[in-house]
Amino acid sequence: MSNQIRPLLSLVIPAYNEADRLPATLQRIQEHRRAWNFSNEIIVVVEPSEDETLALAEKEAKSASQFLVLTHHERRGKGFAVRSGMLRARGDFVFFTDADLSTPLEDLDASLQRFRKDRSVDVIVGSRQHPETRILLHQNRSRERMGKIFNRIAQKMTGLKIRDTQCGFKGFRHLAANEIFGRQRIDGFSFDVEVLLLAQAMGFSTVEVPVHWTNSPTSRVRVLHDSVGMLRDLFRIQRLVKRTMHEFPYKGLG
């Protein structure tokens, strides 16, 4: 595939210390790709890890077409990893999802169909709070409670109407991905809130969709430490987005 020909789909996967889970995830993706009758690319962004995540990803890339592995010299956080992959992606539709595939690839297929059928939608947000969502395996009570509290605080502080900002499954039309992530700055876990606020500020249409979600017991989120950092970010995200939009206004297609 020529670099000038844009694939229909790009799938970005951030990975940090994922040597135990990544091989199975990549195998599932490769098997699932065989049913896709459209061009696609897979981008794995490896945060500097203490295990063999990078080597395993690079090994897989050698045996797969349109498979790209990115990495960087220092650990910056999930927000930085996702941003790196999203800005490198060339697809008409660009999704990111977690390395454990907590949201299954069948939900990706459904969201891709939503994009193709409804041209008014620019951003798709997987939501564990959607009334049609099925939680196949719950988080432990403390993590689930903290997640709900964070979402309520984020809604009140930012005015976002999104019920679940932190689900690790989101999709964007190419234009929206470029414009949003070209302005996105938060490196940590709260980057999702910044992304959604930027989408809102630029007038991109955003919809929440149900998912079939399975919690991974080996999640990298540290409940107390990361929650404190995310709450601290909330106090500056609105100002950051406002300043970003002042410095880099979005003029739209007109």
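Residues numbered from 1 in each chain as written. Predicted model: local features only at pLDDT ≥ 70, side-chain atom pairs only at ≥ 80, totals over all residues. Heavy atoms only, no water.

Quick notes on the side chain of Ser127
Positionally, Ser127 belongs in strand E5 (residues 123-127). The exposure class assigned to Ser127 is buried, which follows from its relative accessible area of 0%. A distance of 3.2 Å separates a polar atom in the side chain of Ser127 from the backbone nitrogen of His130. When sequence neighbours within four positions are dropped, the list of residues in contact with Ser127 reads Thr133, Arg163, Asp164, Cys167, Glu208, Val209, Pro210 and Val211. (Helix = DSSP H or I, 4+ residues; strand = E, 2+ residues; numbered from the N terminus. Buried < 20%, exposed > 50% of the residue type's maximum accessible area, 1.4 Å probe, protein only. Polar contact = N/O pair within 3.5 Å; in protein donor to acceptor, adjacent residues only side chain to side chain. Contact = heavy atoms within 4.5 Å.)

Examining the packing of helix H1 (residues 22-33) against helix H2 (residues 53-62)
For the pair H1 and H2, interaxial distance at closest approach is 10 Å and the crossing angle is 20°. In this view, H1 runs roughly parallel relative to H2, as classed from their interaxial angle. Between H1 and H2 lies a crossing whose hand is right-handed. In this structure, H1 uses Leu22, Pro23, Leu26 and Gln30 to contact H2, whose residues at the interface are Thr53, Leu56, Ala57 and Glu60. A per-class count over the contact of H1 with H2 returns five nonpolar, two polar and one charged. (Axes fitted to C-alpha atoms, helices over the stretch in contact; angles between N-to-C directions. Parallel < 35°, antiparallel > 145°, perpendicular 65-115°, else oblique. Left-handed = near helix turned anticlockwise from the far one by under 90°. Nonpolar A, V, L, I, M, F, W, Y, C, P; charged D, E, K, R; others polar.)

Describing the sheet that holds strand E1 (residues 9-15)
With mixed pairing, the seven strands of this open sheet are ordered in space as E3-E2-E1-E4-E7-E5-E8. Strands with a single pairing partner mark the edges of an open sheet, and in this sheet they are strand E3 (67-71) and strand E8 (206-210). Sheet twist, expressed as the mean angle between neighbouring strand axes with direction ignored, is 20°. Pairing of strand E2 (residues 40-46) with E3 involves five bridges; the strand directions are parallel. (Pairing = 2+ DSSP bridges.)

A closer look at the packing of aromatic side chains
Per the stated rule, a full pass over the model turns up nine aromatic pairs. Taken together, a centroid distance of 5.2 Å and an interplanar angle of 20° make the contact between Phe93 and Phe115 stacked. Of the two residues, Phe93 is situated in strand E4 (residues 93-96) and Phe115 in helix H4 (residues 105-117); the sequence distance between them amounts to 22 residues. The buried category is assigned to Phe115, whose relative accessible area is 1%. Geometrically, the ring pair formed by Phe96 and Phe181 is edge-to-face, given 6.5 Å between the ring centres and 90° between the ring planes. Residue Phe96 is found in strand E4, and its partner Phe181 is found in helix H6 (residues 174-181); the two are separated by 85 residues along the sequence. Overall, the relative accessible area of 1% leaves Phe96 in the buried class. A residue is classified by how much of its surface remains accessible, and Phe181, at 0% relative accessible area, is buried. Taken together, the aromatic side chains of Phe93, Phe95, Phe115 and Phe169 make up a single cluster linked through ring pairs. Directly above the aromatic system of Tyr16 lies the positively charged group of Arg75, at a separation of 3.9 Å from the ring centroid. (Phe/Tyr/Trp six-rings, centres within 6.5 Å; stacked < 30°, edge-to-face > 60°. Lys NZ or Arg CZ within 6 Å of the ring centre and 35° of its normal.)

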